Amino acid sequence: MNNDYQNPQNDMELDAMRQQMNTLKKKLDQQQIVNDHIIRQSMRKTANSIKTRYNVIMALTLLMIPYTYVVFIVSMNFSLAFWIGTAVLMLVCCGATYYNSLNVNIPNAMGKNLIEVSHRMARAKKFDANWLFFGIPAVIAWLAWLTWESYQQDAESAHYMFYGTVCGAIVGSILGFSLHHKTQGQYQEIIDAIEDITAEE
């Protein structure tokens, strides 16, 4: 009699436990969906920040071409060869920035193919790091050429321009490396976020 009485009660308790487990599972699934959505939103925001920065850099490099013509050729009477070299350098910087921006500009990048997105971000991060091996020597060579052009025009005034160039180079280097470090960190942030999502799936 006791067994007959307890069995229905045990079944009810098991059903209640199953319902509680199912409810808990649904809540966990919903929480995971919310977390994934938040992570993806953060990834989009970070990727858009990088793209915006690249767009600004490309715009500035293109604007520098006519601007440097006015400054170096019209105002300072530097050689045409120096301005052509400056323009070529600006075009190379613009082209390299545009090339790397293609890795960031992926339609629906954060919705599907996250593994592919991770590979592209890693490739963009590596390209951005390797760019320094060209960018730093190129800027040093350009600054040396700028100094030489200045001495060709006026040796006495060139001393003041040299000191100004050195100060500008130091400030520019600090800002440039700070921006580079920030971009590298943002790339890694996206890669880590994708690893977190794919590890849970």
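Bear in mind that the values here come from a model prediction, so they are computed numbers and not experimental data.

Q: An account of the packing of aromatic side chains is requested, with residue identities and associated values reported.
A: A complete count under the given rule lists 9 aromatic pairs for this structure. Both rings, one in Tyr-69 and one in Trp-83, keep their centres 5.0 Å apart while their planes meet at 75 degrees; by these two values the pair is edge-to-face. In this pair, Tyr-69 is assigned in helix α1 (residues 2-75) and Trp-83 in helix α2 (residues 80-104), connecting sequence segments 14 residues apart. By relative accessible area, Trp-83 is classed as buried at 18%. Aromatic rings pair up to connect Phe-72, Phe-78, Phe-82, Trp-142 and Trp-145 into one cluster.

Q: So, a nonpolar patch on the surface: which residues are in play, and what are the values?
A: Together, Tyr-69, Val-70, Val-74, Leu-80, Ile-84, Val-88, Val-92 and Phe-134 make up an exposed nonpolar region whose accessible area comes to about 670 Å². For the nonpolar patch, the elements supplying multiple residues, two or more each, are α1 and α2. Turning to its location among the elements, Ile-84 is positioned in helix α2.

Here is what the cut-offs are and how they apply
Residues numbered from 1 in each chain as written. Predicted model: local features only at pLDDT ≥ 70, side-chain atom pairs only at ≥ 80, totals over all residues. Heavy atoms only, no water. Phe/Tyr/Trp six-rings, centres within 6.5 Å; stacked < 30°, edge-to-face > 60°. Helix = DSSP H or I, 4+ residues; strand = E, 2+ residues; numbered from the N terminus. Buried < 20%, exposed > 50% of the residue type's maximum accessible area, 1.4 Å probe, protein only. Patch = residues over 30% accessible without salt bridge, like charges linked within 9 Å, V, L, I, M, F, W, Y side chains within 5 Å. Areas by Shrake-Rupley, 256 points an atom, 1.4 Å probe, with all protein chains shown as cover. Salt bridge = Lys/Arg side-chain N within 4 Å of Asp/Glu carboxyl O.

By themselves these figures say nothing about function.
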